[in-house]
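Coordinate inspection notes
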Amino acid sequence: MDVHFTASESLSLRVEDAPIPIHHYLRQPERLVKAIAEPKLMEQLSDCQFRLKMSPLNFMDIYHFQPTVVLGVWSDSKGTVFLRSEDCEIRGIDYINNRFSLTLKGKLVPLEKEGKTYLQGTANLAVKVNLPPPLWLTPKPFLEMAGNGLLKGVLNRIKQRLLNQLLKDYHNWAYSQSEELTEISNQLPVTS
């Protein structure tokens, strides 16, 4: 029996001023991924490709598994960050791994409004899975409610890490970059 689960999450976040505008920070996708992912659960595959192991999940207290997703993450010259799932694997349950697809698409945009900077983002997560026979007798609306809730929880955890970690990392980066630039300019010879 095939079932589809979906979840969406949006984000609007005020960015406090720093010496270097946030769009410069956002042009470094690996910083964003490192800010939202547990370091021990992330592996960088290339400049814009990352393998993320999610925290182990529990579906209806029956199935325990750990999704692993390969994400493509890139940005444009304005600092808009895009992410898209490129591959996925469910570790722990071979039956589901062989009958599972996951699609994640997200976008994070720096916007100026009335002299203030905001980050606005959206993420959409969809899963299609052919359920194992023991779940075929469970009413489909109940399965969909449980699956949609599970995906919403995943997106909410990512959002919370963004809210808690991203701006902290951005400010640390901006101030350290600013200090380095000041040191360099102080070392330059003065010409008259």
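The structure this text deals with has already been given above.
So, on to the overall build of the protein. Counting secondary structure elements, the protein contains four helices and eight strands. Looking at the protein as a whole, 38% of its 192 residues qualify as buried. For the protein, contacts bridging at least 24 residues in sequence account for 62% of all contacts bridging at least 6. Just so you have it, the protein exposes about 11100 Å², and 53% of that area is on carbon and sulfur atoms.

Ranked by internal contacts, the top residues of the largest apolar core, which has 45 residues, are Ile-22, Tyr-25, Leu-108, Leu-119 and Leu-166. If one sorts the elements of this core by residue count, helix H4 (residues 140–187) sits on top with 10 residues.

Let us now look at empty space enclosed by the protein. In total, this model carries one cavity of 30 Å³ or more according to the counting rule given. Here the largest cavity defines a volume of roughly 30 Å³. Leu-32, Val-33, Ile-36, Leu-52, Leu-71, Val-73 and Leu-83 are the residues that line the largest cavity. Where the lining of the largest cavity is concerned, the elements lending two or more residues are helix H2 (29–36) and strand E5 (63–75). Here the lining of the largest cavity gets three residues from one element, more than from any other, and that element is H2. Looking at side-chain class alone, the lining of the largest cavity contains seven nonpolar, no polar and no charged residues.

Now for the pairing of strand E3 (residues 49–53). Only one face of E3 is buried, namely the one carrying Phe-50 and Leu-52, since none of Gln-49, Arg-51 and Lys-53 on the opposite face is buried. In the sheet, strand E2 (residues 42–46) pairs with E3 via four bridges, with the strands oriented antiparallel. Across the sheet, Ser-46 pairs through a bridge with Gln-49, a residue of E3. Hairpin connection, E2 to E3: the antiparallel pair is bridged by two residues.

Here we take up the pattern of salt bridges. Scanning the entire structure with this criterion turns up five salt bridges. A salt bridge links Lys-152 to Glu-9, with the nearest nitrogen and oxygen atoms 3.3 Å apart. In this pair, Lys-152 sits in helix H4 while Glu-9 sits in strand E1 (residues 2–15), placing the two residues 143 residues apart along the sequence. The salt bridge partner of Arg-84 is Glu-86, with a shortest N-O separation of 4.0 Å. Residue class for Glu-86 comes out partly exposed when judged on its relative accessible area of 39%. Connected through salt bridges with shared partners, the residues Glu-9, Lys-152 and Lys-159 form a single ionic network.

Cut-offs used in this document
- Residues numbered from 1 in each chain as written.
- Predicted model: local features only at pLDDT ≥ 70, side-chain atom pairs only at ≥ 80, totals over all residues.
- Heavy atoms only, no water.
- Helix = DSSP H or I, 4+ residues; strand = E, 2+ residues; numbered from the N terminus.
- Buried < 20%, exposed > 50% of the residue type's maximum accessible area, 1.4 Å probe, protein only.
- Contact = heavy atoms within 4.5 Å.
- Areas by Shrake-Rupley, 256 points an atom, 1.4 Å probe, with all protein chains shown as cover.
- Core = buried A, V, L, I, M, F, W, Y, C linked by side-chain atoms within 4.5 Å.
- 1 Å grid on protein atoms, 1.4 Å probe; cavity = no way out; pocket = protein on both sides within 12 Å on 5 of 7 lines; lining within 4 Å.
- Points joined across faces, edges and corners; volume = space filled by probe spheres on them.
- Nonpolar A, V, L, I, M, F, W, Y, C, P; charged D, E, K, R; others polar.
- Pairing = 2+ DSSP bridges.
- Salt bridge = Lys/Arg side-chain N within 4 Å of Asp/Glu carboxyl O.

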